[in-house]
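A look at the structure
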Amino acid sequence: QVQLVESGGGLVQAGGSLRLSCAASGRTFSPNAMGWFRQAPGKEREFVAAIRWTVGSTYSAGSVKGRFTISRDNAKNTVYLQMNSLKPEDTAVYYCAAEVDDISSRFTLSKSYEYDYWGQGTQVTVSS
């Protein structure tokens, strides 16, 4: 019902910046939240940042606070991840995800199993 496509990944020097985009398509797009996750080789998928779609409130992992900013453009059905002051340890495949059916008060925004749709991912490589 919903398809997500990430873009904007690439190779960047440490200290540089990238902006990732995730465009959603479907008959309707009214998620509860959108999130960004990342996965490095040999590591578990980890939470990066999320945004509540309607009100725009955000939540970010401690490892990226002050460096990464999530935002959305409702008219374009697009969520962004602005990444500044990139470090080699940020190297990973970055995935966007949409949560569409969980309105529980216990929804953390930060667990991969809470999300219903996933994009294919975009590679981010940060060189030292």
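Heads up: these notes are all about the structure in this document. (Residues numbered from 1 in each chain as written. Predicted model: local features only at pLDDT ≥ 70, side-chain atom pairs only at ≥ 80, totals over all residues. Heavy atoms only, no water.)

On to the environment of Ser-7. Looking at the secondary structure, you find Ser-7 in strand β1 (residues 2-7). For the pair Ser-7 and Thr-122, spaced 115 residues apart in sequence, the C-alpha to C-alpha distance is 6.1 Å. Those residues in contact with Ser-7, other than ones at most four positions away along the chain, are Arg-19, Leu-20, Ser-21 and Thr-122. (Helix = DSSP H or I, 4+ residues; strand = E, 2+ residues; numbered from the N terminus. Contact = heavy atoms within 4.5 Å.)

Moving on: the sheet that holds strand β8 (residues 78-83). What the four strands build is an open sheet, ordered β1-β3-β8-β7; its pairing is antiparallel. Unpaired on one side and paired on the other, β1 and β7 (68-73) mark the two borders of the sheet. This sheet shows a mean twist of 15° between the axes of neighbouring strands, independent of strand direction. (Pairing = 2+ DSSP bridges. Axes fitted to C-alpha atoms, helices over the stretch in contact; angles between N-to-C directions.)

Looking at where Ala-61 falls in the secondary structure, it is placed in the loop between β6 (58-60) and β7. With a relative accessible area of 15%, Ala-61 lands in the buried category. Among all residues touching Ala-61, those that are not within four sequence positions of it are Phe-47 and Val-48. (Buried < 20%, exposed > 50% of the residue type's maximum accessible area, 1.4 Å probe, protein only.)

A negative phi angle is the norm for most residues apart from glycine, just as the trans form is the norm for most peptide bonds. Non-glycine residue Asn-77 carries a positive phi angle of around 50°. Position of Asn-77 relative to the elements: it lies in the loop between β7 and β8. Here the phi dihedral of Ser-85 falls at roughly 50°; this positive angle occurs in a residue that is not glycine. If you trace the backbone, Ser-85 turns up in the loop between β8 and β9 (92-99).

A full pass over the atoms with the stated rule returns seven aromatic pairs. Between Phe-29 and Trp-53, the aromatic rings sit 5.3 Å apart at their centres with planes inclined by 80°, giving edge-to-face as the arrangement. Residue Phe-29 is located in the loop between β3 (18-26) and β4 (33-39), and its partner Trp-53 is located in the loop between β5 (46-52) and β6; the two are separated by 24 residues in the primary sequence. Trp-53 matches Phe-29 in its accessibility class, with the two residues each being buried. Residues Tyr-115 and Trp-118 carry aromatic rings whose centres are separated by 6.2 Å and whose planes lie at 65° to one another, so their mutual orientation is edge-to-face. You can call Trp-118 partly exposed: its relative accessible area is 27%. (Phe/Tyr/Trp six-rings, centres within 6.5 Å; stacked < 30°, edge-to-face > 60°.)

The biggest cluster of nonpolar side chains holds 37 residues, and the ones touching the most others in it are Leu-4, Met-34, Trp-36, Leu-81, Met-83 and Tyr-94. Elements with a minimum of two residues in this core: β1, β3, β4, β5, β7, β8, β9 and β11 (122-127). Aside from chain neighbours lying at most four places away, what touches Leu-4 is Cys-22, Ala-23, Ala-24, Phe-29, Met-34, Cys-96, Ala-97, Ala-98, Tyr-117, Trp-118, Gly-119 and Gln-120. (Core = buried A, V, L, I, M, F, W, Y, C linked by side-chain atoms within 4.5 Å.)

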